[in-house]
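Residue strings, one per chain:
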Amino acid sequence: MKSLLTLYKRAFKRKYLVHAILAILFMIGDVGIALAIPMITKGIFTEINSGRNDLSYVYQTGLLVVGIAIGAVITTILNNFFSQYLSTKITADLRSELFRKVQDLSFSNVDKITSGALMTVIANDTGQIQQLLLMSFRAILRNPLTLVGALIMAYITNADLFLIILIAVLILGVSIFFIITRAARIFVKLQEKNDNLNEKLIESISGAREIKVFGSEKADRDQFKIVNDEYTNVVITANKRMALMDPIIILTSNLAIGAVLLTASYLVSVYTGEARVAMVGTISAYISYLQQIIMSLMMLSMVAISISRAAVSADRIMLVLKTKIDIANAKEPQTGFEMRGDIEFRNVSFGYADEEGTAGSNTIEGISLKIKSQSVTGVIGSTGSGKTTLIQLIPRLYDVTQGQVLIDGIDVRDIDLRFLRENISFVTQDSLIFSGTLASNIRQGKEDSTEEDIEAAAVASLADEFAKKAEHGYESEVTQGGTNLSGGQKQRLSLARALIRKPKILILDDAFSAVDAKTEEKIKENLVKQKQQTTIIVAQKITSVRNCDNIIVLNNSGHLDGYGSHEELLKTSEVYREIYVSQFGGNHE
Ligand SMILES: Nc1ncnc2c1ncn2[C@@H]1O[C@H](COP(=O)(O)OP(=O)(O)O)[C@@H](O)[C@H]1O
Ligand SMILES: [Mg+2]
């Protein structure tokens, strides 16, 4: 509830004030007209009943009713327009704000919140808020206003009948209250189940390839069935709990109408003169007001449900908005200097935070080494030894838990984050390819690149080999996720994207896994020829790193087992020798 109010306060911008005031004014106009019509109708009834036969009064009032009805249509349309406009605009702002925030989140932030939850927040939770915003300008104020207004009007029309309405309101109010409080919890649960359903969908659709490859459709379907069934069951429970609502409302309102009619006929026998003449009109007005009152009570109960659902969404939205970004700029970050690309790890340890966000055990520990500018360094170790973890610390995808990573002698945490990342290119094993063209994917590394730049980067990464053969050259279509490219083509394309930025540090994390050995050799020769960057190559195979100036060897507990050239490591590193033997057998070439 608190988040909801906070969210309302921050989402509502000054520029929307005029729209909001107009929406509310038209809403008030609407309510006023709805309240006035039964009163006017009553006048007509009374006039007809009086036997005065003043038809001109009847006609005039009839025309008045038509005029007012047209007015009501206009106020309703305008109120709808402004409410829709406001709720859509405010939600769009909120979505953009969330999107920007998500872009700023660090990897460890996302580890904690999970990407599925983030998608649900942006896609679904903002929708709940939009619903409630729409209601805010249309229903939340309208119904209490109508309720109070109709009560007052009913009392003015006839005080003797008022008690009946009061009793009806009391009965309805209490029963709706009980139904809603019981149902509100289930609606919150409904939303949870709905989220599970969405998260499962996101996972299955984005993992469609893997599911097909492993033939795990059945298992996937079973998992989907579970979340789908859970969702369905909650919907059924929710409907059961709400099932009494309509019958109670209909019964109470019919009973109340009956009571009004009975009491009115008694009153007719008691009343004399004008009061007696006015009775037919009074009954008609009373029934109208009664219906308005019941309607507004019903709508208020819907509002209550919307509020409880939106409160859950607001909690999650605020959680994202309030997340402290753990990788941010220092107070006075260093920027704009000519980066040489000397790298030093000084007694570095790092552990991923566990689920509760507290630091877990160290994945890599006590690593100290220096990498010279423009050298080529290999990183090797078994799967899970922490190779990726280690190199992610250089562009600050994560921050060290202990020790320091330095570039040109400056702690990376003191370098402007943007500047740091502009100077580092990082290619992963499965870099994301975006829908567009070959050229647009390469240009993503640097938006203002010329065609020559693109070609040069593609030549160095050997992406030009297939780009030239493609039907439209560099302008050939690439589908979302690069599904129309082979694994090796995707890797070469992402390498071109990395090279076009002319990075001072180039990190290739298993980026050759899908290209053949000969192509890999050629690309590496090109990289060395460029002599413009410090290169780090993470690999599984000895052949991928043996020609590097130095090789970092990690053991299974994330410690440095050796650091040196291929020849040196064969003598000094147990782990390196083991990997070598496992890949080449016993014979030392
Ligand atoms: N985001 C993460 N959160 C928690 N643990 C992680 C995360 N990424 C990797 N790990 C764990 O850290 C260890 C090292 O992983 P990684 O650096 O990817 O190894 P490598 O690249 O050598 O295969 C593994 O045990 C892995 O499970
Ligand atoms: Mg890895």
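Please explain the overall build of the chain as it appears in this structure.
Of the regular secondary structure elements, the chain holds 22 helices and 12 strands. For the chain, whose C-alpha radius of gyration is 36 Å, the value lies well above the compact-globule estimate of 25 Å for 589 residues. With the principal axes as the frame, the chain shows a C-alpha extent of 120 × 50 × 45 Å. Here the contacts in the chain between residues at least 6 apart in sequence split such that 77% fall between residues at least 24 apart. Averaging the positions of the 61 positive and the 62 negative side-chain charges in the chain gives two centres separated by 5 Å.

Would you take a moment to explain the site of ligand 1 for this structure?
Contacts to ligand 1 come from D111, Y352, T363, S382, T383, G384, S385, G386, K387, T388, T389 and Y398. T388 is positioned with one of its side-chain polar atoms (N or O) 2.7 Å from an oxygen atom of ligand 1. Measuring from a nitrogen atom of ligand 1, one finds a side-chain N or O atom of Y398 at 3.4 Å. Isolated, ligand 1 exposes 560 Å² of accessible area, and the fraction of that covered by the protein chains is 59%. Looking at the shell around ligand 1 residue by residue, the classes come out as 2 nonpolar, 8 polar and 2 charged.

How do you make sense of the sheet that holds strand β12 (residues 560–564) when you look at a structure like this?
Sheet strands pair via backbone hydrogen bonds, and the direction of the pair is either parallel or antiparallel. If you walk across this open sheet you meet the 6 strands as β6-β9-β10-β3-β11-β12, and the pairing is mixed. The open sheet is flanked by β6 (424–427) and β12, the only strands paired with a single partner. The average undirected angle you get between the axes of adjacent strands in this sheet is 10°. Examined bridge by bridge, strand β9 (residues 505–509) and strand β10 (residues 534–538) share 5 bridges and lie parallel to one another. Bridge assignment links D509 to a residue of β10, and that residue is V538. Sitting on the sheet, helix α22 (residues 574–584) touches β3 (376–380), β11 (550–554) and β12, and the angle it makes with β11 is about 95°.

Help me understand the side chain of S313 in this model?
Within the secondary structure, S313 is located in helix α12 (residues 279–322). A distance of 2.9 Å separates a polar atom in the side chain of S313 from a polar atom in the side chain of D125. Once you skip the residues sitting within four places of it in the chain, S313 turns out to touch D125, Q128, I129 and Q191.

How should the sheet that holds strand β2 (residues 364–371) be read in this particular structure?
Judged by pairing direction, the sheet is antiparallel, and its 4 strands sit side by side in the order β2-β1-β4-β5 without closing on themselves. In this open sheet, the two edge strands, each paired with only one partner strand, are β2 and β5 (410–411). Strand direction decides the pairing type here: strand β1 (residues 343–350) and β2, joined by 5 bridges, are antiparallel. Each residue of the ladder has a partner; that of V348, found in β2, is I367.

Can you walk me through a nonpolar patch on the surface in this structure?
Taken together, L17, I21, L25, I28 and L145 make up a surface patch of nonpolar side chains, about 430 Å² in accessible area. In terms of residue count, helix α2 (residues 17–50) provides more of the nonpolar patch than any other element does, 4 residues in total.

Would you mind going over the domain arrangement of the chain with me for this structure?
Quite often, the size of an interface is put as the accessible area lost when its parts meet. According to the domain assignment, the chain contains domain 1 (2–322) and domain 2 (429–502). Once you take the C-alpha centre of each, domain 1 and domain 2 turn out to be 52 Å apart.

What am I meant to see in the pattern of salt bridges here?
Close approach of charged atoms allows side chains of opposite charge to pair. This structure, assessed with the given rule, holds 24 salt bridges. Where K504 meets E338, a salt bridge forms, and the shortest distance between an N and an O atom there is 3.9 Å. You can see K504 sitting in the loop between α18 (487–499) and β9 and its partner E338 sitting in the loop between α12 and β1, a full 166 residues away along the chain. Classification of E338 as exposed rests on a relative accessible area of 64%.

Where do I start with the environment of V320 in this structure?
With respect to the helices and strands, the residue V320 is situated in helix α12. Spatially, the C-alpha atom of V320 lies 9.2 Å from that of L105, the residues being 215 residues apart in sequence. In contact with V320, not counting residues within four places along its chain, are L98, K101, V102, L118 and V121.

Can you walk me through the packing of α18 against helix α19 (residues 517–530) in this structure?
To characterise two packed helices, one gives the angle between the axes of the helices and the distance between these axes. One way to put it is that α18 packs onto α19 with a least axis distance of 13 Å and a crossing angle of 5°. Here α18 lies roughly parallel to α19, going by the angle between them. Contacts between α18 and α19 involve R492, L495 and L499 from the first element and T519, I523, L527 and Q530 from the second. For the contact of α18 with α19, the residue count by class is 4 nonpolar, 2 polar and 1 charged.

Which parts of the structure should I look at to understand the pairing of β1?
On a regular strand, each side chain points to the face opposite its neighbour's, so the side chains alternate between the two faces of the sheet. Across the 8 residues of β1, 6 count as buried, placing the element largely inside the fold. When β1 meets strand β4 (residues 402–407), the two strands line up antiparallel, connected through 5 bridges. Bridging from a neighbouring strand, R346 pairs with Q404 of β4.

What should I look at first to understand the packing of aromatic side chains in this one?
Given two aromatic rings, one states the distance between the centres and the angle between the planes to describe the pair. Under the definition given, this model contains 11 aromatic pairs. Geometrically, the ring pair formed by F81 and Y85 is stacked, given 6.2 Å between the ring centres and 25° between the ring planes. Of the two residues, F81 and Y85 both sit in helix α3 (residues 55–104), 4 residues apart, roughly one turn of that helix. Residue classification places Y85 among the partly exposed positions, given a relative accessible area of 29%. In this structure an aromatic cluster arises from ring pairing among F26, F81, F82 and Y85.

Would you take a moment to explain unusual backbone geometry for this structure?
What you tend to see is this: most non-glycine residues have negative phi, and most peptide bonds are trans. Of note, the phi angle at N347 is positive, near 50°, even though the residue is not glycine. Within the chain, K502 stands out as a residue other than glycine whose phi angle is a positive 45°. For K502, the location among the structural elements is in the loop between α18 and β9.

Help me out: how do you make sense of the side chain of D416 in this one?
With respect to the helices and strands, the residue D416 is situated in the loop between β5 and α14 (417–422). Engagement of the side chain of D416 in a polar contact is seen with the side chain of N329, the distance being 2.8 Å. Excluding residues that lie within four positions of it along the chain, D416 makes contacts with N329, P333, Q334 and T335.

So what exactly am I meant to see when it comes to the environment of Q444 here?
Secondary-structure assignment places Q444 in the loop between α15 (438–443) and α16 (451–460). C-alpha separation for the pair Q444 and I433, spaced 11 residues apart in sequence, amounts to 10.0 Å. Beyond its immediate sequence surroundings of up to four residues, Q444 is in contact with F434 and R497.

Definitions and limits used
- Residues numbered from 1 in each chain as written.
- Chains lettered and ligands numbered in written order.
- Predicted model: local features only at pLDDT ≥ 70, side-chain atom pairs only at ≥ 80, totals over all residues.
- Heavy atoms only, no water.
- Helix = DSSP H or I, 4+ residues; strand = E, 2+ residues; numbered from the N terminus.
- Rg over C-alpha atoms; globule rule 2.2 N^0.38 Å.
- Contact = heavy atoms within 4.5 Å.
- Lys, Arg positive; Asp, Glu negative; His and termini not counted.
- Charge placed at Lys NZ, Arg CZ, Asp CG, Glu CD.
- Near = heavy atom within 4 Å.
- Polar contact = N/O pair within 3.5 Å; in protein donor to acceptor, adjacent residues only side chain to side chain.
- Areas by Shrake-Rupley, 256 points an atom, 1.4 Å probe, with all protein chains shown as cover.
- Nonpolar A, V, L, I, M, F, W, Y, C, P; charged D, E, K, R; others polar.
- Pairing = 2+ DSSP bridges.
- Axes fitted to C-alpha atoms, helices over the stretch in contact; angles between N-to-C directions.
- Patch = residues over 30% accessible without salt bridge, like charges linked within 9 Å, V, L, I, M, F, W, Y side chains within 5 Å.
- Salt bridge = Lys/Arg side-chain N within 4 Å of Asp/Glu carboxyl O.
- Domains from an automatic or database assignment.
- Buried < 20%, exposed > 50% of the residue type's maximum accessible area, 1.4 Å probe, protein only.
- Parallel < 35°, antiparallel > 145°, perpendicular 65-115°, else oblique.
- Phe/Tyr/Trp six-rings, centres within 6.5 Å; stacked < 30°, edge-to-face > 60°.

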